[in-house]
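# Summary of structural features
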Amino acid sequence: VIEQGQPEHGIVTTCAYCGVGCAFVAEMKGSEVVRMTPYKDGGANHGHSCVKGRFAFGYATHKDRITKPMIREKITDAWREVSWEEAIGYAASRFKAIQEKYGRQSVGGITSSRCTNEETYLVQKLVRAGFGNNNVDTCARVCHSPTGYGLKRTLGESSGTQNFDSVMKSDVILVIGANPTDGHPVFGSLMKKRLRQGAKLIVADPRNIDLVKSPHVQAEYHLKLKPGTNVALVNSLAHVIVTEGLLNEAYVAERCDMESYAKWKSFVAEERNSPEAMEAVTGVAADAVRGAARLYATGGNGAIYYGLGVTEHSQGSTTVIGIANLAMATGNVGREGVGVNPLRGQNNVQGSCDMGSFPHELPGYRHVSEPATRGLFEKEWGVTLESEPGLRIPNMFSAALDGTFLGLYVEGEDIAQSDPDTQHVLSALSAMECVVVQDLFLNETAKFAHVFLPGSSFLEKDGTFTNAERRISRVRKVMAPLGGKADWEVTQALSNALGYPMNYKDPSEIMDEIARLTPQFHGVSYAKLEEKGSIQWPCNDEAPEGTPLMHVDHFVRGKGLFQVTEYVPTEERTSSKYPLILTTGRILSQYNVGAQTRRTANTAWHPEDRLEIHPHDAEDRGIKDGAWVGIKSRSGETVLRALVSERMQPGVVYTTFHHPFSGANVITTDNSDWATNCPEYKVTAVQVLPVTQP
Ligand code: SF4
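Since this is a predicted model, take the numbers as computed values, not measurements. (Residues numbered from 1 in each chain as written. Predicted model: local features only at pLDDT ≥ 70, side-chain atom pairs only at ≥ 80, totals over all residues.)

Looking now at the overall build of the protein chain. Along the protein chain, the regular secondary structure elements total 23 helices and 28 strands. Taking 2.2 N^0.38 as the reference for a compact globule, 694 residues should give roughly 26 Å; the C-alpha atoms of the protein chain span a radius of gyration of 24 Å, in line with that estimate. On the principal axes, the C-alpha backbone points of the protein chain span a range of 70 × 65 × 65 Å. Relative to its 694 residues, the protein chain shows a buried fraction of 59%. The long-range fraction of contacts in the protein chain, counting pairs at least 24 apart against all pairs at least 6 apart in sequence, stands at 73%. (Helix = DSSP H or I, 4+ residues; strand = E, 2+ residues; numbered from the N terminus. Rg over C-alpha atoms; globule rule 2.2 N^0.38 Å. Buried ≥ 20, exposed ≤ 12 C-beta atoms within 10 Å, placed from the backbone. Contact = placed C-beta atoms within 7 Å.)

Following this line, the structure appears as structure tokens:
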């Protein structure tokens, strides 16, 4: 007898939150999900889960879901519910009118790391083949674009090198700019398990994150650096390794490009890169840097895990390159227990990048200027493709303000809340003549939209996600799309209305096309995913069973390429007016801008963003724990309640960005990574003063 609320059957699917990509059983009673249970055979999680994933179904049926397409002439007009046909026809006609008036380059699209590989692939195909330009970008622009750039340049592939389980063979773990126990909890637990077994830990982070000291785990070294000085720290670690002869010369001679190695070695050996010379810059004691460098280089298998604390800087790409340099120089790439491992924030960041969401790359990270690659896609798609890269998201905004980019199709991404320098974003959106938002909720971006197309949650989708260890897992539909159409069907209908025909019957056909066109996916099919459960790419003729470890015998690019990583201080400086540095991050129970987690049962645990501030800074300003404070930067101001905390270092404050009313991005700067334009969310000079309750 099945009691009220007890599940009757279950469907295996993949968590829609972080880049760990845990497998779950969505347990159903009738057509309703009543429980999410971690799946014991899940390749990434082996039956474990975190609190976010267990509650991940609540938002799918939240009363705020918009299930009817809507249109309006102007953003000041009221929304009008219409049929799918009318909404899609209206969007297509407005896009066409813009292109006729302002040219082919005047429209574009943004894909989402919350959508499946198949959906993302279709959006970039619509832009390249339907709009006829390369103006497609992804929300990965604002998180891990430096990873793509830095790892491709040095190692030859835009991905992490290891599977998660590899950490159980690590002897030394260097965590830099990541907070795995909050951001990637299931992997954070696995890492702690290895640390409890005796692996040594080095943490490089401006805050006392939980990993630094928790029951049975204590970092050997906490390199508590000042925000914005990652490159200086990595260079000083490299300096010690080079000048104290801790290099793995035999590995480098066999695996790496020796000319680039020689240049890098002589650069990092310069005295100006020594821990002593860099101490005033990083704020980290030279002895600690020397000890950490020795431990990483000589302690056995050394693994590096990093997150947005590395990438979201004006030198994000430089730090990624610096980390890869460290790993190559010490022989720590190409076997279990080592490697360079980006911890991806969203569940499908890896996948959205793999699928050609960047304006310069077709699926599989191949540059749009390569004639052979373009030829392959042109033949399959029956179009002529642009050979010049399109606009990145920040360039789309600038072009909108210049009057040359006036139509935008955004699927599953709230750019108005999540992108930096909010005023600039809002001005750009206001300047556009047609904004089409496809999402679950009327989010902040939808306030500037002319067409709203109901999106579907992961519970309403068939497709695949690719996690931070390149693991492709099935997402399975457990209920019908509330709006009546799956996301891929909406994109297909829009493309057809634009005049570029698409005729897929099922997401598996989209995956078959991806596999035909993408070398890393040549061996992937839904049938194989059913058989194996999940597959780590590359999966092709050379690796038919997939690839848990990359770069085993040689680097994907051939010889590993070292790069000189000159430290260039960020332009964002403190001053008497803005004497503190604000940095941002996540907490365990919330996910990104909170659109999903704020609408599930766990939201009461952290109902607001707080400003963490060191007791000395709080006392200097007369700020008590829990009091309201105004935070002012050169870009804007906001108000939060204070959390006085020893986790901070004096001079540095911290907040999360899970709630729209906190407006963390109102105060972040428009600085960005030199190579990829990833915003510098992690360094904003601010003043913090007490205010009365707003
Ligand atoms: Fe796993 Fe991440 Fe989902 Fe938590 S949020 S259950 S760690 S995928």
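On we go from here.
Direction vectors running N to C along helix α15 (residues 371-381) and helix α20 (residues 507-517) enclose 150 degrees, while the axes themselves pass 11 Å from each other. As α15 runs across α20, the sense of the crossing is right-handed. Side by side, α15 and α20 meet where Leu-376, Phe-377 and Glu-380 of the first sit next to Glu-513, Arg-516 and Leu-517 of the second. When its residues are assigned to classes, the contact of α15 with α20 shows three nonpolar, no polar and three charged. (Axes fitted to C-alpha atoms, helices over the stretch in contact; angles between N-to-C directions. Left-handed = near helix turned anticlockwise from the far one by under 90°. Nonpolar A, V, L, I, M, F, W, Y, C, P; charged D, E, K, R; others polar.)

Right, let's get into the domain arrangement of the protein chain. Segmentation of the protein chain into domains returns domain 1 (70-142 + 348-458 + 486-518), domain 2 (145-342) and domain 3 (580-690). At the level of elements, α4 (145-154), α5 (180-183), α12 (308-311) and α13 (316-329) are the ones that each hand at least two residues to the side of domain 2 that touches domain 3. Per-element tally for the side of domain 2 that touches domain 3: the top contributor is α4, with three residues. Considered class by class, the residues forming the side of domain 2 that touches domain 3 number five nonpolar, 12 polar and four charged. (Domains from an automatic or database assignment.)

So, about the packing of helix α3 (residues 117-131) against helix α19 (residues 487-498). At a closest axis distance of 9 Å, the pairing of α3 and α19 adopts a crossing angle of 10 degrees. By the angle between their directions, the pair α3 and α19 is classed as roughly parallel. Taken together, the residues of α19 that come into contact with α3 (itself represented by Glu-118, Glu-119, Leu-122, Val-123, Leu-126 and Gly-130) are Asp-487, Trp-488, Thr-491, Gln-492, Leu-494, Ser-495 and Leu-498. (Parallel < 35°, antiparallel > 145°, perpendicular 65-115°, else oblique.)

Our focus in this paragraph is the pairing of strand β17 (residues 407-411). For β17, the tally of buried residues reaches five of five residues, placing the bulk of the element in the interior. Sheet analysis places strand β6 (residues 107-111) next to β17, joined by four bridges and oriented parallel. Within the sheet, the bridge partner assigned to Ile-110 lies in β17 and is Val-410. (Pairing = 2+ DSSP bridges.)

This part takes up the sheet that holds strand β3 (residues 32-38). Backbone-to-backbone hydrogen bonds pair the strands of a sheet. The strands run either parallel or antiparallel. With antiparallel pairing, the three strands of this open sheet are ordered in space as β1-β2-β3. Only two strands of the sheet have a single partner each, and these edge strands are β1 (9-14) and β3. Adjacent strand axes in the sheet meet at a mean angle of 30 degrees, parallel and antiparallel pairs treated alike. Looking at chain direction, β1 and strand β2 (residues 23-29) are connected through six bridges and run antiparallel. Counterpart to Gly-10 in the pairing with β2 is Glu-27.

What follows deals with the site of the ligand. Taken together, 14 residues lie around the ligand, and Cys-15, Cys-18, Cys-22, Cys-50 and Gly-53 are the ones closest in. Residue assignment for the shell around the ligand shows that the elements contributing at least two residues are α1 (51-54) and α6 (185-196). Taken together, the residues of the shell around the ligand break down into eight nonpolar, five polar and one charged. (Near = placed C-beta within 6 Å.)

With respect to the element layout, Lys-29 can be found in strand β2. By the C-beta count within 10 Å, which is 16 here, Lys-29 ends up partly exposed. For the pair Lys-29 and Glu-8, spaced 21 residues apart in sequence, the C-alpha separation works out to 5.1 Å.

Once that is clear, we can look at the nonpolar core. One finds Ile-173, Ile-202, Leu-223, Leu-237 and Ile-323 to be the most contacted residues of the largest nonpolar core, which totals 92 residues. Top contributing element to this core by residue count: helix α7 (residues 230-243), with nine residues. When residues no more than four places from it in sequence are discounted, the contact partners of Ile-173 are Val-167, Met-191, Leu-195, Ala-199, Leu-201, Ala-303 and Tyr-305. Ranked by size, the runner-up nonpolar core spans 69 residues in total, among them Ile-98, Ala-399, Leu-498 and Phe-521. (Core = buried A, V, L, I, M, F, W, Y, C linked by C-beta atoms within 7 Å.)

With that out of the way, let us pick up helix α16 (residues 393-402). Inspection of α16 places Ile-393, Pro-394, Met-396, Phe-397, Ala-399 and Ala-400 among the buried residues, and these make up the whole buried set. In the core, the buried residues of α16 are packed alongside β6, β7 (136-138), β17 and α18 (422-431).

Looking at the secondary structure, you find Ser-236 in helix α7. Sequence separation of Ser-236 and His-144 is 92 residues, and the distance between their C-alpha atoms is 24 Å. With residues up to four places along the chain from it excluded, the contact list for Ser-236 reads Asn-273, Ser-274, Pro-275, Met-278 and Val-289.

On to the sheet that holds strand β22 (residues 534-536). Here three strands make up an open sheet; going across it, the order is β20-β21-β22 and the pairing antiparallel. Two strands in the sheet have a free side with no partner beyond their single neighbour: β20 (463-466) and β22. Each strand axis lies, on average, 30 degrees off the axis of its neighbour in the sheet, ignoring direction. The sheet contact formed by β20 and strand β21 (residues 471-475) spans four bridges and is antiparallel. Each residue of the ladder has a partner; that of Thr-466, found in β21, is Ile-472.

On to α13. Between its terminal C-alpha atoms α13 stretches 20 Å, which fits the 20 Å expected from 14 residues at 1.5 Å a residue. In terms of burial, α13 is a largely internal element, 14 of the 14 residues being buried. The positive-phi residue at the C-terminal boundary of α13 is Gly-331, with phi of around 70 degrees. (Expected span 1.5 Å × (residues − 1).)

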